[in-house]
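Structural overview for review
Take a look at the letters that make up each chain.
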Amino acid sequence: MRIPVIAGNWKLYKKTAEALRLVQDLSPLVADVQGVEIILAPSFTVLGPVRSLLNDSPIAIAGQDCFWEEEGAYTGEVSPGMLVDAGCSHVIIGHSERRHYFAETDETVNKKIRAAIQAGLFTIVCIGETLQERERNETFDVLERQIKAGLTDLSDDEMKKVLLAYEPVWAIGTGKTATDEQAQEAHAFIRRLVAECFSDSCADGLRILYGGSVKPDNIRSLMSQPDVDGALVGGASLTAESFAAIIHYQK
Ligand code: PEP
């Protein structure tokens, strides 16, 4: 039985006052939720204040990225240990926006995942094809390359700290969601590949989140797919009402 995960990626939004207001508004709306892991990924500058406000709440916090070195002369970078120090239990690695705008590659993704796990973080590893790749029928090739290269040299034990997020790039922030069938087909492919590359038990326990224009009105049917174990939510995580409605998808 895989515990569902709903994670909110705040991207480059929310300064301190707005971030704290969002947490204050969200917390009572989801206080009664059981059996769903809730994760918020604010920007680095508000991790500390958000963590303090969440206090002993079960809501977890995640960094939106990290570097692979723990310390050194790397101006502007944030290390996995710094995220732990700020109260994070999770980190998002390889988001398509980082791959696209900041030259993230499968190799740097792999280095970051290994460093993050070493520091004790759960890593939410994002993979997914562009529209051109889907139109050229390359979706599965892209997913295979991203998984094989991104997860190189991880042990089965380290894989327990990995969650995968299938995020078709054409669905992120566009209002176009993958159909339930497209999501299920990709997630089933990912799980089979992880079974091949690691083990059946590793694949069975792996949480695979869907990301790409998830909203209160499409979450329920996406979550009803057998291989969809959660969602990584961008835009709809920026208001308490819509994110809480997504978290309450079972209602
Ligand atoms: C994301 O940021 O990972 C994402 C899926 O964004 P959105 O929900 O806005 O498409």
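This text follows the structure it describes.
First, a word on what this report is: a plain description of the structure on this page. (Residues numbered from 1 in each chain as written. Predicted model: local features only at pLDDT ≥ 70, side-chain atom pairs only at ≥ 80, totals over all residues. Heavy atoms only, no water.)

**What about the overall build of the chain?**
Assigned secondary structure in the chain consists of 12 helices and eight strands. Relative to the 2.2 N^0.38 estimate, which gives 18 Å for 251 residues, the radius of gyration of the chain is 17 Å and therefore close to what a compact globule would have. Overall, the C-alpha framework of the chain stretches about 50 × 45 × 35 Å when taken along its three principal axes. Within the chain, residue pairs in contact and separated by at least 24 positions form 72% of the contacts whose partners lie at least 6 positions apart. Summed over its atoms, the accessible surface of the chain is roughly 11,600 Å², and 51% of this surface lies on carbon and sulfur atoms. Measuring between centres, the 24 positive side-chain charges of the chain sit 3 Å from its 36 negative side-chain charges. (Helix = DSSP H or I, 4+ residues; strand = E, 2+ residues; numbered from the N terminus. Rg over C-alpha atoms; globule rule 2.2 N^0.38 Å. Contact = heavy atoms within 4.5 Å. Areas by Shrake-Rupley, 256 points an atom, 1.4 Å probe, with all protein chains shown as cover. Lys, Arg positive; Asp, Glu negative; His and termini not counted. Charge placed at Lys NZ, Arg CZ, Asp CG, Glu CD.)

**Digging into the side chain of Ser237**
Positionally, Ser237 belongs in the loop between β8 (230-233) and α12 (240-247). There is a polar contact of 3.3 Å between the side chain of Ser237 and the backbone oxygen of Val233. Not counting residues within four places of it along the chain, the set of residues in contact with Ser237 comprises Gly8, Asn9, Trp10, Leu22 and Phe243. (Polar contact = N/O pair within 3.5 Å; in protein donor to acceptor, adjacent residues only side chain to side chain.)

**Structural notes on the pairing of strand β5 (residues 122-127)**
Counted residue by residue, β5 has five buried out of six residues, so it is predominantly covered. Summarising the sheet, β5 and strand β6 (residues 162-166) pair through five bridges and their orientation is parallel. Bridging across to β6, Val125 finds its partner in Leu164. (Buried < 20%, exposed > 50% of the residue type's maximum accessible area, 1.4 Å probe, protein only. Pairing = 2+ DSSP bridges.)

**Description of the site of the ligand**
Around the ligand, the surrounding shell holds 14 residues, and the nearest of these are Lys11, Glu167, Gly173, Ser213 and Gly234. Within the side chain of His95, an N or O atom sits 2.8 Å from an oxygen atom of the ligand. Considered on its own, the ligand offers 300 Å² of accessible surface; in the complex 97% of this is hidden by protein. Its residues assigned to classes, the shell around the ligand shows four nonpolar, eight polar and two charged. (Near = heavy atom within 4 Å. Nonpolar A, V, L, I, M, F, W, Y, C, P; charged D, E, K, R; others polar.)

**Quick word on helix α7 (residues 139-150)**
The terminal C-alpha atoms of α7, which comprises 12 residues, lie 16 Å apart, in line with the 16 Å expected from a rise of 1.5 Å per residue. Among the residues of α7, Thr139, Val142, Leu143, Gln146, Ile147 and Gly150 are the ones counted as buried. Each buried residue of α7 lies within a common arc of 125 degrees when the element is viewed along its axis, so the set occupies one face. Residues of α7 that are buried sit in contact with α4 (96-101), α5 (106-118), β5, α6 (131-135), β6 and α9 (180-197). (Expected span 1.5 Å × (residues − 1). Arc of directions from axis to C-beta.)

**Examining the environment of Arg136**
Along the polypeptide, Arg136 turns up in the loop between α6 and α7. Within the structure, Arg136 has its side chain in polar contact with the side chain of Glu138 (distance 2.9 Å).

**Side note on the packing of aromatic side chains**
Considering all chains together, one arrives at five aromatic pairs under this definition. Considering the side-chain rings of Phe67 and Trp68, the 4.4 Å spacing of their centres and the 35 degrees angle between planes classify their relative orientation as tilted. Both rings, one in Phe67 and one in Tyr74, keep their centres 4.9 Å apart while their planes meet at 50 degrees; by these two values the pair is tilted. Judged by relative accessible area, Phe67 falls into the buried class, the value being 9%. For Tyr74, a relative accessible area of 37% corresponds to the partly exposed category. Taken together through their ring pairs, the aromatic side chains of Phe67, Trp68 and Tyr74 make up a single cluster. (Phe/Tyr/Trp six-rings, centres within 6.5 Å; stacked < 30°, edge-to-face > 60°.)

**So, the pattern of salt bridges**
For the structure on display, the rule yields 15 salt bridges. Residue Asp106 is joined to Arg145 by a salt bridge in which the shortest nitrogen-to-oxygen separation is 2.9 Å. One end of the pair, Asp106, is in helix α5; the other, Arg145, is in helix α7, and 39 residues separate them in sequence. With a relative accessible area of 8%, Asp106 lands in the buried category. Ionic pairing is found between Asp229 and Arg191, a salt bridge with its closest N-O pair at 2.7 Å. Here the residue Asp229 occupies a position in the loop between α11 (219-223) and β8, and Arg191 occupies one in helix α9, the gap between them amounting to 38 residues. Accessibility classification places Asp229 together with Arg191 in one group, the buried group. Here the salt bridges share partners, and the residues they tie into one network are Arg2, Arg191, Asp227 and Asp229. (Salt bridge = Lys/Arg side-chain N within 4 Å of Asp/Glu carboxyl O.)

**Some words on α12**
Most of α12 sits out of view: six of its eight residues are buried. The set of residues buried in α12 consists of Ala240, Ser242, Phe243, Ala244, Ile246 and Ile247. Packed against the buried residues of α12 are β1 (5-9), α1 (16-30), β2 (37-41), α11 and β8.

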